[in-house]
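Observations on the three-dimensional arrangement
Residues per chain are reported as follows:
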Amino acid sequence: MDYTYFEFTLPKGLVDENGGIHHHGIMRLVTGKDEIVVNKDSRVQQEPYYRILVILSRVITRLGNLSPVTPKLLEQLFLVDLIYVQNFLNRINQHEEGLARSGEF
C-alpha cells in the first residue's frame, strides 16, 4: 500500500475552460524539495499569499483529467474548494508525521 498518495473530492469542483467540472483528485505528501522550490518561486517572493497555489500545484498530481495542475489552473478554484484542499494538505501531512512518531507504518 502506498502511503504517500491520497485521493480527495472537491465539494464544488473546478470548472475548466470548456465548462467541464473536475471533482476528484490525487495529492501526494509534501517533500523538503517542495518547500525549497516554493520559497524560491518569484511569484511567492512578490506575493506571499500565492504560496498555497504553488505548493498545491506541486503536490496535486491529478485533478479530474487535468494534469499537470498549475498555479494558474488552481486560481480558478472556488473558495470552498481552496479551503478544502488546504485543510486536506495539512491533514495528510500531519497524519503521516503522527504515524512516523508512533511507529505505525
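What you are looking at is a predicted structure, and each value in this text was computed from that prediction instead of being measured. (Residues numbered from 1 in each chain as written. Predicted model: local features only at pLDDT ≥ 70, side-chain atom pairs only at ≥ 80, totals over all residues. Heavy atoms only, no water.)

Section: the overall build of the protein chain
On a plain count of helices and strands, the protein chain comes out with five helices and three strands. Its helices and strands in sequence order give the protein chain the pattern β-β-α-α-α-β-α-α, from N to C terminus. For the protein chain, the proportion of its 105 residues judged to be buried stands at 37%. Intrachain contacts of the protein chain at a sequence separation of at least 6 include 54% that bridge at least 24 residues. Accessible area for the protein chain stands at about 6800 Å²; split by element, carbon and sulfur atoms hold 53% of it. (Helix = DSSP H or I, 4+ residues; strand = E, 2+ residues; numbered from the N terminus. Buried < 20%, exposed > 50% of the residue type's maximum accessible area, 1.4 Å probe, protein only. Contact = heavy atoms within 4.5 Å. Areas by Shrake-Rupley, 256 points an atom, 1.4 Å probe, with all protein chains shown as cover.)

As for a nonpolar patch on the surface
On the surface, a nonpolar cluster with roughly 330 Å² of combined accessible area is contributed by Val15, Ile21, Phe78 and Val80. By secondary structure assignment, the location of Val15 is in strand 1 (residues 5–15). (Patch = residues over 30% accessible without salt bridge, like charges linked within 9 Å, V, L, I, M, F, W, Y side chains within 5 Å. Salt bridge = Lys/Arg side-chain N within 4 Å of Asp/Glu carboxyl O.)

Some words on the nonpolar core
Counting 27 residues, the largest nonpolar core has Phe8, Met27, Leu56, Ile60, Leu63, Leu74 and Val85 as the members making the most contacts within it. Of all the secondary-structure elements, those providing two or more residues to this core are strand 1, helix 3 (51–59), strand 3 (60–63), helix 4 (71–74) and helix 5 (79–102). It is helix 3 that provides the largest number of residues to this core, a total of six residues. Ignoring sequence-local partners within four residues, the contact set of Val85 consists of Phe8, Leu10, Met27, Leu56 and Leu77. (Core = buried A, V, L, I, M, F, W, Y, C linked by side-chain atoms within 4.5 Å.)

A word on the packing of helix 1 (residues 32–40) against helix 3
Here helix 1 crosses helix 3 at 140°, and the two axes come no closer than 10 Å. As the angle between them shows, helix 1 and helix 3 are arranged oblique. Seen along the crossing, helix 1 lies across helix 3 with a hand that is right-handed. Where helix 1 approaches helix 3, its residues Lys33, Asp34, Glu35, Val37, Val38 and Asn39 are matched on the opposing element by Arg51, Val54, Ile55, Arg58 and Val59. Here the residues of the contact of helix 1 with helix 3 are counted per class, giving five nonpolar, one polar and five charged. (Axes fitted to C-alpha atoms, helices over the stretch in contact; angles between N-to-C directions. Parallel < 35°, antiparallel > 145°, perpendicular 65-115°, else oblique. Left-handed = near helix turned anticlockwise from the far one by under 90°. Nonpolar A, V, L, I, M, F, W, Y, C, P; charged D, E, K, R; others polar.)

Comments concerning the environment of Gln45
Secondary-structure assignment places Gln45 in helix 2 (residues 42–46). Taking the relative accessible area as the measure of exposure, Gln45 reaches 56% and is therefore exposed. In this structure Gln45 touches Asn39 and Lys40, once residues within four positions along its chain are discounted. For Gln45, the side chain forms a polar contact with the main-chain oxygen of Asn39, separated by 3.3 Å. (Polar contact = N/O pair within 3.5 Å; in protein donor to acceptor, adjacent residues only side chain to side chain.)

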